[in-house]
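Each chain, letter by letter, is given below.
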Amino acid sequence: SDCYSMKDENVDLRDKIERFQAKVADSESSVTIINDELRREQKEKTDLQEKLDRLEEQSAAFKEQVFAAKNAFEAAAQENLADVEYQLDDALSQLAESQHEAMQAKET
């Protein structure tokens, strides 16, 4: 009877060891899955950060182009305005001269 209970105890211990080993294997599998998921999320984060960096660089370059175009447009507009003002002054001067000549012609 003592041998039988020792045999039963050994079987019970082996069963417990096997269950424990199965739990360990399940835990290791879970850890592997979690690590894989973590690596995937870190890669996604890295990819998104790189994409964000590229977009920020493109945005900065676009802003530079817009400001350069704005400055060029303003410079051209200022030059055209100066030219139109010169032409207006010249026309007004010619008008004044013509009016003066017309007045002199009337007086004579």
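Everything below is about the structure printed above this text.
Below or above, wherever it landed, is the structure these notes cover. (Residues numbered from 1 in each chain as written. Predicted model: local features only at pLDDT ≥ 70, side-chain atom pairs only at ≥ 80, totals over all residues. Heavy atoms only, no water.)

**A look at the overall build of the protein**
Step number 1: Looking only at helices and strands, one finds one helix and zero strands in the protein.
Step number 2: Expected size for 108 residues packed as a compact globule is a radius of gyration near 13 Å; at 46 Å, the protein overshoots this value by more than 25%.
Step number 3: Considering only C-alpha atoms, the protein reaches an extent of 155 × 15 × 10 Å along its principal axes.
Step number 4: Looking at the protein as a whole, 0% of its 108 residues are labelled buried.
Step number 5: Only carbon and sulfur atoms are counted for the fraction: they give 57% of the accessible area of the protein, which is about 10200 Å².
Step number 6: The average position of the 14 basic charges and that of the 27 acidic charges among the side chains of the protein differ by 16 Å. (Helix = DSSP H or I, 4+ residues; strand = E, 2+ residues; numbered from the N terminus. Rg over C-alpha atoms; globule rule 2.2 N^0.38 Å. Buried < 20%, exposed > 50% of the residue type's maximum accessible area, 1.4 Å probe, protein only. Areas by Shrake-Rupley, 256 points an atom, 1.4 Å probe, with all protein chains shown as cover. Lys, Arg positive; Asp, Glu negative; His and termini not counted. Charge placed at Lys NZ, Arg CZ, Asp CG, Glu CD.)

**Digging into the pattern of salt bridges**
Step number 1: This model, assessed by the stated rule, comprises five salt bridges.
Step number 2: Here Arg40 and Glu37 are joined by a salt bridge, their closest N and O atoms 2.4 Å apart. Highlighted residues: Arg40 and Glu37, both in helix α1 (residues 2-107), separated by three residues, approximately one helical turn.
Step number 3: When its relative accessible area of 34% is taken as the criterion, Glu37 is described as partly exposed.
Step number 4: Close ionic contact of Glu44 with Arg40 constitutes a salt bridge, the shortest N to O distance being 2.2 Å. Highlighted residues: Glu44 and Arg40, both in helix α1, separated by four residues, approximately one helical turn.
Step number 5: Take Arg40: its relative accessible area is 38%, and that puts it in the partly exposed class. (Salt bridge = Lys/Arg side-chain N within 4 Å of Asp/Glu carboxyl O.)

**Focus on a nonpolar patch on the surface**
Step number 1: A cluster of nonpolar side chains, contributed by Leu88, Leu92 and Leu95, occupies part of the molecular surface with about 280 Å² of accessible area.
Step number 2: With respect to the helices and strands, Leu92 occurs in helix α1. (Patch = residues over 30% accessible without salt bridge, like charges linked within 9 Å, V, L, I, M, F, W, Y side chains within 5 Å.)

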